[in-house]
Amino acid sequence: SHHHMFQFCILNYANPFTKTLAFPSLNISPRNKKKQNPRSYRFFLCAAAASLGQPPQKQPLLDAIRGVRWSEMKSEDVSSRVLKLSEELAAASATQNPTRSPKFRKMWQLVYTTESPLIPLVAGKNALVLQNVTGPEDRGLIENIVRYYPESVRPEDALTDGSISPGTEFIVSVEFWVNDPERISFIFRSTRFKYKGFVDLNIPFAIGRGGNRTLYLDDDTRVVVDESNDEKWLSIFRAVPT
């Protein structure tokens with residue numbers, strides 16, 4: 001299917017969060033009798049699959065957040081542009097009933113946010129922010145995970161290399177339930193602190209409740225607007241490779 005072809009293209013030719021899909025120009029008019037390179041055919045198939053599998057509003061958003069540091073995410077010029085592009089992407093509606101979809105329930109990496117309490121925790125630090133969503137169709141558990149790594153480690157490498165361990169890890173567990181196809185409500189349940197394998201402290205409570213609305217969801221991208229403790233913020237996630 002074009003969906004699986006699109007996944008193949010992303011894995012083989014581009015990471016959608018680090019660079020734009022780029023295909024060599026192909027001249028396939030009848031006048032061009034030159035034998036085509038087999039790799040060119042693969043590029044052509046990928047271009048066609050990408051056009052079918054990815055809404056045109058998606059790539060501009062991915063380009064806008066590429067390379068943006070945590071400390072820059074709430075700046076007016078960046079946040080206003082990202083919000084506008086997110087609203088345009090929301091109109092694409094890639095997944096019906098996103099909050100009930102199996103696509104929603106997986107491990108995600110946070111790649112952009114305007115969440116004020118979180119940004120100071122990770123800005124300027126060698127950190128990785130993850131969100132693990134599990135549970136049945138109508139409810140579940142969200143683990144918000146912040147991992148800090150030594151300066152000698154590239155945090156993204158830890159996503160594919162199980163031998164890389166964080167020095168410090170915070171896990172805030174949130175119970176959620178589905179309100180409607182786009183919205184969930186949640187309540188914070190516990191906080192866990194881990195340090196270098198020596199300390200594992202679980203605090204069986206956390207303060208706060210709220211909800212969020214999924215603006216966009218597909219196999220590798222999720223865009224949400226959160227509302228918690230009288231604050232709203234935009235967050236963009238990419239799926240962690242499995």
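Scope of this entry: the structure provided in the associated data block.

About the cut-offs
- Residues numbered from 1 in each chain as written.
- Predicted model: local features only at pLDDT ≥ 70, side-chain atom pairs only at ≥ 80, totals over all residues.
- Heavy atoms only, no water.
- Core = buried A, V, L, I, M, F, W, Y, C linked by side-chain atoms within 4.5 Å.
- Buried < 20%, exposed > 50% of the residue type's maximum accessible area, 1.4 Å probe, protein only.
- Contact = heavy atoms within 4.5 Å.
- Pairing = 2+ DSSP bridges.
- Helix = DSSP H or I, 4+ residues; strand = E, 2+ residues; numbered from the N terminus.
- Patch = residues over 30% accessible without salt bridge, like charges linked within 9 Å, V, L, I, M, F, W, Y side chains within 5 Å.
- Areas by Shrake-Rupley, 256 points an atom, 1.4 Å probe, with all protein chains shown as cover.
- Salt bridge = Lys/Arg side-chain N within 4 Å of Asp/Glu carboxyl O.

Once that is clear, we can look at the nonpolar core. If you look at the biggest cluster of nonpolar residues, it comprises 40 residues, and the most contacted ones within it are Val-82, Tyr-112, Phe-176, Val-223 and Ile-236. Ignoring sequence-local partners within four residues, the contact set of Phe-176 consists of Phe-104, Arg-105, Val-133, Thr-134, Arg-139, Gly-140, Leu-141, Ile-142, Ile-184, Ser-185 and Phe-186. Counting residues in hydrophobic clusters, the runner-up holds 9 residues, among them Leu-128, Leu-130, Tyr-149 and Leu-159.

What follows covers the pairing of strand β7 (residues 209-217). For strand β5 (residues 183-195) and β7, the ladder comprises 5 bridges, and the chain directions are antiparallel. Within β7, the residue paired with Ile-187 across the bridge is Arg-209. As judged from the 7 bridges shared by β7 and strand β8 (residues 221-228), these two strands associate in the antiparallel manner. In the sheet register, Thr-214 faces β8, and the bridge partner there is Val-224. In this structure, the hairpin formed by β7 and β8 is closed by a connection of 3 residues.

Below, the discussion takes up unusual backbone geometry. The phi dihedral of Asn-97 is positive, around 50°, even though this residue is not glycine. With respect to the element layout, Asn-97 can be found in the loop between α4 (76-90) and β1 (107-113). For Lys-196, which is not a glycine, the phi torsion comes out positive at approximately 50°. Counting through the fold element by element, Lys-196 comes out in the loop between β5 and β6 (199-203).

Before going further, it helps to spend a moment on a nonpolar patch on the surface. Together, Tyr-195, Phe-198, Val-199, Leu-201, Ile-203, Phe-205 and Ile-207 line one region of the surface with nonpolar side chains, adding up to about 760 Å² of accessible area. It is β6 that contributes the most residues to the nonpolar patch, 3 residues altogether. Along the chain, Val-199 turns up in strand β6. For Val-199, a relative accessible area of 35% gives the class partly exposed.

Limitation: the analysis is restricted to geometry and does not speak to function.
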